[in-house]
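# Structural features, examined
Here are the chains, one letter per residue:
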Amino acid sequence: MLELTDIEAGYGRTRVLHGVTVPAGKVVAVLGHNGAGKTTLLRLAIGLIKPTKGRVLFDGEDITSLAPNRRVARGMAYVPQGQQSFGQLTTLENLQLVADGRRNGKALIDAQLARFPALEQFATRKAGLLSGGQRQQLAIARALITQPRLLILDEPTEGIQPTIVAEIEQTIMQLAEEGMHVLLVEQHIGFALQAAERYVVLASGFVTQTGVGGMAATSTVRAAMAI
Ligand SMILES: Nc1ncnc2c1ncn2[C@@H]1O[C@H](COP(=O)(O)OP(=O)(O)O)[C@@H](O)[C@H]1O
Ligand SMILES: [Mg+2]
């Protein structure tokens, strides 16, 4: 699946990532404090940022210079941080934006409405009027309509009410069970490690720790992050 090796990247002359390697895995968690470079790493994974050094591999193939839309066509999907949607469009219209032009567009939308009952309930509501958690579900649903094999999630539970956090966590576990690969940035370390096969801790753009996921890794990671 996705593998990043020895990545250097940043914005203009500011280098943010320093020799970052992320192993392949079913669910891979990227952990780290604010400003560590997690979002930059995900933008790089989907192709919005190009590395100045290092390689991005997908299915063993070098995709370092492949454009984001080509990466999506190959089976990658990206859900950016911050529950983004088109606020003036309804829930359904947000989904149609991605589904239109796809052969089985309606079935793809229906599958996501079945997965997320709240979206079905508020299908005709403007996305801007949904709760943060519902908007996050909408963003995930939109990504899933592209039928990815790898879902890249940037802090999917950030700033969301606890009841919906649990739902979103369940969705991620369910997707993993269905065979989806996930690259997950998450502040809830307990959940991230529970879901993850492998994890990477970033600090100031350096990998400070990496290992096999599972609840047992929680104390090691907390100690490494000094929390
Ligand atoms: N568009 C940008 N231009 C310049 N610097 C940026 C930009 N986005 C992020 N940064 C800087 O890159 C570093 C890592 O940010 P980011 O990847 O967003 O970290 P995280 O997601 O871990 O909080 C921070 O120092 C941040 O200020
Ligand atoms: Mg971030």
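Residues numbered from 1 in each chain as written. Chains lettered and ligands numbered in written order. Predicted model: local features only at pLDDT ≥ 70, side-chain atom pairs only at ≥ 80, totals over all residues. Heavy atoms only, no water.

Rule in force here: UniProt positions are given in the numbering used here, feature names are shortened, and annotations may be inferred rather than shown by experiment.
With an unreviewed UniProt entry as reference, the chain is termed Urea transport system ATP-binding protein, source organism Actinoplanes campanulatus. The record held by UniProt for the chain lists under Sequence similarities (unreviewed entry) the comment "Belongs to the ABC transporter superfamily."

### Quick look at the UniProt feature "domain: ABC transporter" (unreviewed entry) in the chain
Defined as follows: Runs of H or I in DSSP of at least four residues are treated as helices and runs of E of at least two as strands, each being numbered from the N terminus.
Summarizing the sequence annotation, UniProt attributes the feature "domain: ABC transporter" (unreviewed entry) to residues 2-227 in the numbering used throughout. Helix makes up 38% of residues 2-227 and strand 26%, whereas the separation of the span's terminal C-alpha atoms amounts to 29 Å.

### Side note on the site of ligand 1
Here is the rule: Consider each residue's heavy atoms; a residue with any of them within 4 Å of a molecule or strand counts as near. Counted as a polar contact is a pair of N or O atoms within 3.5 Å, where, for protein atoms, one must be capable of donating a hydrogen and the other of accepting one, and residues adjacent in sequence contribute only when both atoms are in side chains. To measure how exposed things are, a 1.4 Å probe is used in the Shrake-Rupley method; for residues, cover is taken only from the protein chains shown. Under the scheme applied here, ten amino acids are nonpolar (Ala, Val, Leu, Ile, Met, Phe, Trp, Tyr, Cys and Pro), four are charged (Asp, Glu, Lys and Arg), and all others, including Gly, are polar.
Taken together, Tyr 11, Val 16, His 33, Asn 34, Gly 35, Ala 36, Gly 37, Lys 38, Thr 39, Thr 40 and Arg 43 are the residues near ligand 1. Residue Gly 35 places a main-chain N or O atom 2.7 Å away from an oxygen atom belonging to ligand 1. The side chain of Lys 38 places a nitrogen or oxygen atom 2.7 Å from an oxygen atom of ligand 1. Relative to its unbound accessible area of 560 Å², ligand 1 is 58% covered by the protein chains. If one sorts the elements of the shell around ligand 1 by residue count, helix α1 (residues 38-46) sits on top with four residues. Residue classes in the shell around ligand 1 are distributed as three nonpolar, six polar and two charged.

### Here's the deal with the sheet that holds strand β7 (residues 150-154)
Using the following cut-off: Two strands are said to pair when DSSP picks up at least two bridges between them. Axes, fitted as lines to C-alpha atoms, cover a helix only where it is in contact. Angles between the N-to-C directions of the axes lie from 0 to 180 degrees.
Taken in spatial order, the six strands line up as β6-β7-β8-β3-β9-β10 in an open sheet, and their pairing is mixed. At either margin of the open sheet sits one strand with a lone partner, and together these are β6 (76-79) and β10 (206-212). Between one strand axis and the next, the sheet turns through 15 degrees on average, direction left out of account. Where strand β3 (residues 27-31) meets strand β9 (residues 198-203), four bridges bridge the pair, whose relative direction is parallel. By the bridge assignment for β9, Leu 31 is matched with Val 201.

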